[in-house]
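# Coordinate analysis (summary)
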Amino acid sequence: GRKVLDDTLDTIRAREDTRQILCETLDPGADLAPLAALPHVAQASREGGTVRLTLRPGADATGCLAQVAQTLPCARVELRRATLEDIFVDIVTEGRTS
């Protein structure tokens, strides 16, 4: 094994600021195109009854949450930050070092 990450937790989280919005839709067949077209959304995908939106780096998460709620009828909307495990897996699978 080799060290792939060595920094403080705050620094790691700031550098690897992957944020996602998870939305449980009221309409499981809803069109995702309007969500994918939002300016701060990098990717939109469906996982069962949940829509996962990956935000662009530096995106205003609060503003994006409001846009999502206005664009798609949702039972629940949640902002999800990457866990340390998510960050580690991304680094290892991409072969990056810090």
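Refer to the preceding data block for the structure.
Residues numbered from 1 in each chain as written. Predicted model: local features only at pLDDT ≥ 70, side-chain atom pairs only at ≥ 80, totals over all residues. Heavy atoms only, no water.

### Overview of the pairing of strand 1 (residues 19-25)
- Of all the seven residues making up strand 1, six are buried; the element is thus mostly covered by neighbouring parts of the structure.
- One ladder, built from seven bridges, connects strand 1 with strand 4 (residues 74-81); its direction is antiparallel. Looking at the pairing, Glu 24 lines up with Arg 76 of strand 4.
- Pairing between strand 1 and strand 3 (residues 50-55): five bridges, direction antiparallel. Bridge pairing in strand 3 links Cys 23 to Val 51. (Buried < 20%, exposed > 50% of the residue type's maximum accessible area, 1.4 Å probe, protein only. Helix = DSSP H or I, 4+ residues; strand = E, 2+ residues; numbered from the N terminus. Pairing = 2+ DSSP bridges.)

### Considering the side chain of Thr 54
- With respect to the helices and strands, Thr 54 occurs in strand 3.
- You can call Thr 54 buried: its relative accessible area is 17%.
- Aside from chain neighbours lying at most four places away, what touches Thr 54 is Arg 19, Gln 20, His 40, Val 41, Ala 42 and Gln 43. (Contact = heavy atoms within 4.5 Å.)

### Topic: the nonpolar core
- By size, the foremost hydrophobic cluster in this structure holds 15 residues, and its most contacted members are Leu 35, Val 51, Leu 53, Leu 55 and Val 68.
- Listed by contribution, the elements that provide at least two residues to this core are strand 1, strand 3 and helix 3 (61-71).
- Listed in part, the five residues of the second largest apolar core include Val 4, Ile 12, Ala 82 and Ile 87. (Core = buried A, V, L, I, M, F, W, Y, C linked by side-chain atoms within 4.5 Å.)

### Focus on the pattern of salt bridges
- In total, this model carries three salt bridges according to the counting rule given.
- Taking the shortest distance from any N to any O, the salt bridge between Glu 24 and Arg 76 comes out at 2.9 Å. Of the two residues, Glu 24 is situated in strand 1 and Arg 76 in strand 4; the sequence distance between them amounts to 52 residues.
- A salt bridge links Arg 76 to Glu 78; its shortest N-O distance comes to 2.4 Å.
- Residue classification places Glu 78 among the partly exposed positions, given a relative accessible area of 30%. (Salt bridge = Lys/Arg side-chain N within 4 Å of Asp/Glu carboxyl O.)

So far we have only geometry, and geometry alone does not tell us how the molecule works.
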